[in-house]
Amino acid sequence: RAEAGDAEAQYNLGWMFALGQVVEKDNVTAYAWCNIAAANGNEEGKKRKGIVAKEMTAEQIAEAEALVKEMIAKNPKLIQKKE
């Protein structure tokens, strides 16, 4: 569902990476998924992105932002167009 643009699934996936639940903890990936969820209007994604960012360096945040761009370029369906 996250790959298809479901903001709640994107947020859940991001938070799983932030907590290291079922997947290895990875703040860069967590930030990226929460950022994408936030871009799709998910309020929890916006909040959690900020929480994750507090544990990251400026370089890691830049890496996460680049990852977001790469993910969207590979799969434009990640971002749902607002009508």
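Going by the structure above, here's the rest.
Let us look at the structure shown here. Bear in mind the structure is a predicted one, so any value in this text is a computation, not a measurement.

### A few points about unusual backbone geometry
Stage number 1. The backbone of Val 22 shows a phi angle near 70°, a positive value even though the residue is not glycine.
Stage number 2. Locating Val 22 in the fold gives a position in the loop between helix H1 (7-19) and helix H2 (27-39).
Stage number 3. In this structure Val 22 comes out as exposed when scored by relative accessible area, which is 81%.

### Some remarks on the nonpolar core
Stage number 1. Counting residues in each nonpolar core, the largest one holds 19 residues, and the members touching the most others are Trp 33, Ile 36, Val 52, Met 56 and Met 71.
Stage number 2. Looking at this core, the elements that each hand over two or more residues are H1, H2 and helix H4 (58-74).
Stage number 3. Here this core gets seven residues from one element, more than from any other, and that element is H2.

### Re the side chain of Gln 10
Stage number 1. Within the secondary structure, Gln 10 is located in helix H1.
Stage number 2. With residues up to four places along the chain from it excluded, the contact list for Gln 10 reads Ala 2, Gly 5, Trp 33, Ile 36, Ala 37, Asn 40 and Leu 78.

### Side note on the pattern of salt bridges
Stage number 1. Under the criterion given, the structure shown has six salt bridges.
Stage number 2. Glu 44 is paired through a salt bridge with Lys 47; the nearest N and O atoms lie 3.3 Å apart. Of the two residues, Glu 44 and Lys 47 both sit in helix H3 (residues 43-53), three residues apart, roughly one turn of that helix.
Stage number 3. In this structure, Arg 48 and Glu 44 form a salt bridge, with 3.3 Å as the shortest nitrogen-oxygen distance. Here Arg 48 pairs with Glu 44, and both are found in helix H3, just four residues apart, close to one helical turn.
Stage number 4. Look at Arg 48 and you get partly exposed, because its relative accessible area is 23%.
Stage number 5. Classification of Glu 44 by relative accessible area gives partly exposed; the value is 29%.
Stage number 6. Several salt bridges converge on common partners, so that one network encompasses Glu 44, Lys 47 and Arg 48.

Thresholds, definitions, all that
Residues numbered from 1 in each chain as written. Predicted model: local features only at pLDDT ≥ 70, side-chain atom pairs only at ≥ 80, totals over all residues. Heavy atoms only, no water. Helix = DSSP H or I, 4+ residues; strand = E, 2+ residues; numbered from the N terminus. Buried < 20%, exposed > 50% of the residue type's maximum accessible area, 1.4 Å probe, protein only. Core = buried A, V, L, I, M, F, W, Y, C linked by side-chain atoms within 4.5 Å. Contact = heavy atoms within 4.5 Å. Salt bridge = Lys/Arg side-chain N within 4 Å of Asp/Glu carboxyl O.

Structural measurements only, silent on function.
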